[in-house]
Amino acid sequence: MSSDLHTIRVRDMLILCNNLTETPYTILLSPQSTQVHNMSDQTTGGSRRTSPLDDDDLLGEILLRVPPQPSSLPRVSLVRKRWRRIVSDPWFLRRFCAHHLKAPLLGFFEHRHLKDFVFNPILESPDHIPPQRFSLGRALASMGLGNQLLLHGCRHGRVILTDMLSSSSCSTVFVCDPVTGCHERLVVPEEFTSLGDYMNATAVLCAASQHGYVHGACRSSPFKVILVYMARKDGRPLVCIYSSETGMWENIIRHGDHQCTIVEISSTLIAHSLYWKILYGHDEEHDEDFVPKPGVLKFNLERQSLVVLKGPPIGHFGCSKIIKTVDEGVGLATLSDGTMQLQVWHSNVNCHDIATWVLFKTVDLYNIFGLWKHVSRRGGILGYDEDGGILFIYVDSSLFLLDLDSMQFKRHYYSIERCGLRICHPFRSFYRPGTATAGVGYDGDDILHDS
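Residues numbered from 1 in each chain as written. Predicted model: local features only at pLDDT ≥ 70, side-chain atom pairs only at ≥ 80, totals over all residues. Heavy atoms only, no water.

Taking an unreviewed UniProt entry as the reference, the protein chain is identified by name as F-box protein At3g26010-like beta-propeller domain-containing protein belonging to Urochloa decumbens.

This is the structure:
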């Protein structure tokens, strides 16, 4: 009988680990299962029956394998106090993040108006996160910002924004952690602000780079900010790096061969390099008939070098996203409005940083999304999740999340026309209720519910 009971408990635990979201805690919290657990603690002949799961190390190894969704660990902690003690231990939480390799995609941020930064959750109940929990409003208001703000992107659990002196030059960079509400305000170096009006883009990333490190729970880890600008006077790109470890801006890197214009301020991180979409040309090309060429600005974080790569031969460069291809390669996904043809381009970059592009595949989104072809539709690419290889694509008033590898998709019913959505900044992070958010504390027993 004792062996059978232990088998039941291990089996239930494995079911829980394999598919927690589809196997609620009714098994573990029902009166019948409670009776089974209690029976294993009974004594027979003066000796206490023991279970393999009475071993904290074994139980911890099993609990490491529950899905990384926001509701998983809070629900586990409700089973028993001992379970709660294990999953609340900082050492366990670090191993939990490392085991899952990457943080879950919780949703995306959008920039609606000057100071209106909204989080849009994409997970279903019980993992649905109410938008107000990741509100940036309180943190930004407490810093007394100006009227002009730009959201540049999200990476490794942090969000980066800039305050604008004018329509195109920034004076301050803001780095926020939406989960904890913590934020830092960085003053842009005088070398930048003293040169007058310029176009800029910024990116944030975790500074931890040791082998096996998993991003998404980087709240105590140092970070770096990369600031790129092109002065309107000559258009040559210049990069400066901020390190939270030293608290200083350093290592100004220049590129003197091309005049560039940033097409999109959000970046894509591939391997050890950041990439931005640009238009570029040489000085001698700037005559009345000059047409800027589409390209990619590459900043290598290890070599700390700037390179301009020519872009693919396409006519709709604006409606595209830099993507990660196989073997950490650089690609471009572009969508032709009206035809709904998604093209995926792959690049080959030689040792001299000269890029050649190959059309890898063309996908008919009418067929993928199951749309009626006899209706003219508007579409575009609004965002890209570099960790999951997911494109955010809008078609008319709906938003689709498309996995580029499997071509599986999720339809996120969202009224694009109503809110004027222009760009999605995907946000990944390990999150569990009970974490203070934007200055508001939540009880450790807090379980997510629909908002």
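That covers the picture; the talk isn't over yet.
Q: Where do I start with helix α4 (residues 56–63) in this structure?
A: Each α-helix turn comprises 3.6 residues. Residues three or four places apart therefore point the same way. Where α4 is concerned, the buried positions are L59, G60, I62 and L63. An end-on view of α4 places all buried positions within 160 degrees of arc, on one side of the element. A side-chain oxygen of the first residue of α4 lies 2.8 Å from the backbone nitrogen of D57; this N-cap is D55. (Buried < 20%, exposed > 50% of the residue type's maximum accessible area, 1.4 Å probe, protein only. Helix = DSSP H or I, 4+ residues; strand = E, 2+ residues; numbered from the N terminus. Arc of directions from axis to C-beta. Polar contact = N/O pair within 3.5 Å; in protein donor to acceptor, adjacent residues only side chain to side chain.)

Q: Got a minute to help me understand the pattern of salt bridges in this structure?
A: Evaluation of the coordinates by the stated rule reveals eleven salt bridges. We note a salt bridge from R377 to D396, for which the minimum N-O separation is 3.1 Å. Here R377, found in the loop between α10 (365–369) and β22 (379–385), pairs with D396, found in the loop between β23 (390–395) and β24 (398–403); they are 19 residues apart in sequence, far enough to count as distant. A single salt-bridge network, built from bridges that share partners, covers D56, R82 and R85. (Salt bridge = Lys/Arg side-chain N within 4 Å of Asp/Glu carboxyl O.)

Q: Explain the pairing of strand β3 (residues 105–111) here, please?
A: On any regular strand, side chains alternate: one points to one face of the sheet, the next to the other face. Extensive coverage of β3 is indicated by the burial of six of its seven residues. In terms of strand pairing, β3 meets strand β26 (residues 425–428) through four bridges, oriented antiparallel. In the sheet register, F109 faces β26, and the bridge partner there is H425. As defined by bridge partners, β3 adjoins strand β4 (residues 117–121) across five bridges and the pair is classed as antiparallel. Paired with F108 across the strands is N120, a residue of β4. (Pairing = 2+ DSSP bridges.)

Q: Help me understand the sheet that holds β26 in this model?
A: Think of a sheet as strands paired side by side through backbone hydrogen bonds, with each pair either parallel or antiparallel. The strand order across the open sheet built from three strands is β4-β3-β26, with neighbouring strands paired in antiparallel fashion. Each having just a single partner strand, β4 and β26 make up the two edges of the open sheet. Shown here is a sheet whose adjacent strand axes are inclined to one another by a mean of 30 degrees, direction ignored. (Axes fitted to C-alpha atoms, helices over the stretch in contact; angles between N-to-C directions.)

Q: Hey, could you run me through the nonpolar core in this one?
A: One recurring pattern in soluble globular proteins is that nonpolar side chains are buried together. If you look at the biggest cluster of nonpolar residues, it comprises 21 residues, and the most contacted ones within it are I226, L274, W276, I278, L297 and F299. Of all the elements in the fold, those that place two or more residues in this core are β9 (198–206), β10 (223–231), β11 (237–243), β13 (259–262), β15 (273–281), β16 (293–300) and β17 (305–310). Counting residues per element, this core draws most heavily on β15, at four residues. Within the second largest apolar cluster, 20 residues are counted, among which are I381, L391, F400 and L404. (Core = buried A, V, L, I, M, F, W, Y, C linked by side-chain atoms within 4.5 Å.)

Q: Explain the packing of aromatic side chains here, please?
A: Given two aromatic rings, one states the distance between the centres and the angle between the planes to describe the pair. Enumeration over the complete set of coordinates arrives at 13 aromatic pairs. Between F119 and F134, the ring centres sit 4.9 Å apart and the planes meet at 65 degrees, which makes this aromatic pair edge-to-face. A residue pair is termed long-range when its members are at least 10 positions apart, and F119 in strand β4 and F134 in the loop between β4 and α8 (137–141) qualify at 15 residues. Side by side, F119 and F134 carry an identical accessibility label, which is buried. For the cation-ring pair, K277 lies above F317, with the distance from its terminal atom to the ring centre recorded as 5.2 Å. One Lys or Arg, K293, reaches over the ring of Y280 and ends 5.2 Å from the middle of that ring. (Phe/Tyr/Trp six-rings, centres within 6.5 Å; stacked < 30°, edge-to-face > 60°. Lys NZ or Arg CZ within 6 Å of the ring centre and 35° of its normal.)

Q: Quick question: what am I supposed to make of helix α7 (residues 90–100) here?
A: Among all positions in α7, only F92, L93, F96, C97 and H100 are buried. Buried residues in α7, looked at end-on, bunch into an arc of 135 degrees, giving them a common side. α7 presents W91 and R94 as exposed residues on the side facing more than 90 degrees away from its buried surface. Turning to α7, the residues buried within the fold contact α4, α5 (72–77) and α6 (81–87). (Contact = heavy atoms within 4.5 Å.)

Q: Just to check I follow, could you spell out the sheet that holds strand β25 (residues 409–412) for this structure?
A: Taken together, the four strands give an open sheet; going across it, the order is β22-β23-β24-β25, and neighbouring strands pair in antiparallel fashion. In this open sheet, the two strands that pair with only one neighbour each are β22 and β25. Here the average twist between neighbouring strands, direction ignored, is 25 degrees.

Q: Sorry, what's going on with the side chain of S320 here?
A: Mapped onto the elements, S320 comes out in strand β18 (residues 320–324). Of the polar contacts made by the side chain of S320, one reaches the backbone oxygen of F317; its length is 2.4 Å. In contact with S320, other than residues within four places in its own chain, are E264, K277, L332, A333, T334 and I381.

Q: Sorry, what's going on with the confidence of the model for the protein chain here?
A: The predicted coordinates of low-pLDDT regions are not to be read in fine detail. Confidence in the prediction for the protein chain averages 79 pLDDT; 73% of positions are at 70 or higher. Contacts of residues 436–451 to residues separated by more than four positions or lying in other chains number 48 contacts, the stretch itself having pLDDT below 50. (pLDDT = per-residue confidence, 0-100.)

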